[in-house]
Amino acid sequence: MPNATVPKQSAGLRQQEDLTLLHEVSVATAGVSRLEMCIQCGTCGGSCPSASDMDHTPRMIFAMLRAGMRNEVLQSNTPWMCVSCYHCVVRCPQNVHIADVMYTLKGMAIKAKQYKDSTAPDFSQSFVDMVESFGRSFELGLATRHYLSHYPLRLPGMAGMGLGMLTKKRMNLTPSRIKGMDQLTAILEKAKTLELTE
Ligand code: SF4
Ligand code: SF4
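Just so it is clear, the structure is predicted and the values come from calculations on it, not from any experiment.

1. Comments concerning the site of ligand 2
- Of all residues adjacent to ligand 2, which total 16 residues, the nearest are C48, C82, C85, C88 and A99.
- Secondary structure elements with two or more residues in the shell around ligand 2: α2 (43-47), α6 (87-91) and α7 (98-111).
- Considering every element that reaches the shell around ligand 2, the biggest residue donor is α7, with three residues.
- The residue inventory of the shell around ligand 2, partitioned by class, reads twelve nonpolar, four polar and no charged.

2. A short note on unusual backbone geometry
- Unlike most non-glycine residues, Q40 shows phi in positive territory, near 60°.
- Locating Q40 in the fold gives a position in the loop between α1 (19-28) and α2.
- The phi dihedral of Y86 falls on the positive side, at around 70°, and the residue is not glycine.
- If you trace the backbone, Y86 turns up in the loop between α5 (78-81) and α6.

3. Description of the site of ligand 1
- Around ligand 1, the structure places 15 residues, and the nearest of them are C38, C41, T43, C44 and C92.
- Among the secondary structure elements, those contributing two or more residues to the shell around ligand 1 are α2 and α3 (58-66).
- Top contributing element to the shell around ligand 1 by residue count: α3, with three residues.
- Classifying every residue of the shell around ligand 1 by side-chain character gives ten nonpolar, four polar and one charged.

4. Some remarks on the packing of helix α9 (residues 139-150) against helix α10 (residues 155-167)
- Direction vectors running N to C along α9 and α10 enclose 165°, while the axes themselves pass 11 Å from each other. Taken together, the axes of α9 and α10 lie roughly antiparallel to each other. In this structure, α9 crosses over α10, and the sense of that crossing is right-handed. Two secondary-structure elements touch here, α9 through L140, A143, Y147 and L148 and α10 through L155, M158 and G162.
- Partitioning the contact of α9 with α10 into residue classes produces six nonpolar, one polar and no charged.

5. Here we look at helix α8 (residues 119-134)
- Taking 1.5 Å of rise per residue, 16 residues should cover 22 Å, and α8 covers 23 Å from first to last C-alpha, within 8% of that figure.
- Just downstream of α8 lies G135, where phi reads positive at about 85°.

6. Observations concerning the confidence of the model for the protein
- Chain-level statistics for the protein give a pLDDT mean of 88 and a share of 90% at 70 or above.
- The spread of mean pLDDT over the elements of the protein runs between α10, the lowest at 88, and α6, the highest at 97.

7. Observations regarding the nonpolar core
- L35, M64, L65, V73 and I98 are the most contacted members of the largest nonpolar core, which totals 27 residues.
- Contributing elements (two or more residues each) for this core: α1, α3, α4 (70-75) and α7.
- The element best represented in this core is α3, accounting for six residues.

8. Let's talk about α7
- Helix length check: α7, at 14 residues, gives a terminal C-alpha distance of 20 Å against a target of 20 Å (1.5 Å per residue), a fit within 8%.
- Of the residues making up α7, those classed as buried are I98, V101, M102, T104, L105 and A109. The buried residues of α7 all sit within an arc of 160° when viewed along its axis, so they share a single face.
- On its buried side, α7 packs onto α1, α2, α3, α4, α5 and α6.
- Of the residues flanking the end of α7, it is K113, one or two places downstream, whose phi is positive at about 50°.

Conventions we followed
Residues numbered from 1 in each chain as written. Chains lettered and ligands numbered in written order. Predicted model: local features only at pLDDT ≥ 70, side-chain atom pairs only at ≥ 80, totals over all residues. Near = placed C-beta within 6 Å. Helix = DSSP H or I, 4+ residues; strand = E, 2+ residues; numbered from the N terminus. Nonpolar A, V, L, I, M, F, W, Y, C, P; charged D, E, K, R; others polar. Axes fitted to C-alpha atoms, helices over the stretch in contact; angles between N-to-C directions. Parallel < 35°, antiparallel > 145°, perpendicular 65-115°, else oblique. Left-handed = near helix turned anticlockwise from the far one by under 90°. Contact = placed C-beta atoms within 7 Å. Expected span 1.5 Å × (residues − 1). pLDDT = per-residue confidence, 0-100. Core = buried A, V, L, I, M, F, W, Y, C linked by C-beta atoms within 7 Å. Buried ≥ 20, exposed ≤ 12 C-beta atoms within 10 Å, placed from the backbone. Arc of directions from axis to C-beta.

Written as structure tokens, this is what we have:
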């Protein structure tokens with residue numbers, strides 16, 4: 001749904017530049033984001049399969065970051081609509097790490113509890129819970145938990161597809177832990193510690 005507070009056409013033009021937020025997001029992004037190098041060409045939005053579902057294109061989000069529009073960015077559905085296909089990253093003339101920035105914005109929105117719709121953040125948390133428990137995703141459990149929480153009435157309609165995936169061995173009936181789970185747990189614990197000290 002369009003964000004009522006920030007008309008698309010005016011995104012980034014409404015306020016004076018304030019690079020504090022842009023730098024904050026850039027620093028928080030894994031590796032080198034190159035966010036500061038964005039030239040507002042719009043190639044990312046034009047390449048994005050999810051752009052029509054986003055309330056702001058990636059280009060607009062980057063303009064809004066440059067304008068210091070923290071609340072509008074963190075309340076935007078754009079990062080949650082990103083499916084991490086990396087099409088924009090491949091085509092960006094400035095090699096901006098767009099998908100990685102989207103991950104950063106999701107994390108910031110969760111921390112600030114600014115997301116408008118809890119569906120995608122809940123799905124992300126369910127996925128993380130699965131990885132922490134089994135070291136991998138358990139699709140049947142993930143889908144069942146998500147649909148029970150958010151779309152219980154749609155669950156019966158998913159039964160046929162689920163059965164097909166089970167019979168074709170595209171999905172397991174029960175979860176299984178990866179080998180070396182204790183090592184993964186140690187890595188995740190270390191990552192959480194580092195995150196707390198940031
Ligand atoms: S394609 Fe790259 S340079 Fe162009 S608007 Fe998107 S992020 Fe900016
Ligand atoms: S990585 Fe995300 S923002 Fe980039 S094209 Fe794919 S869905 Fe769109």
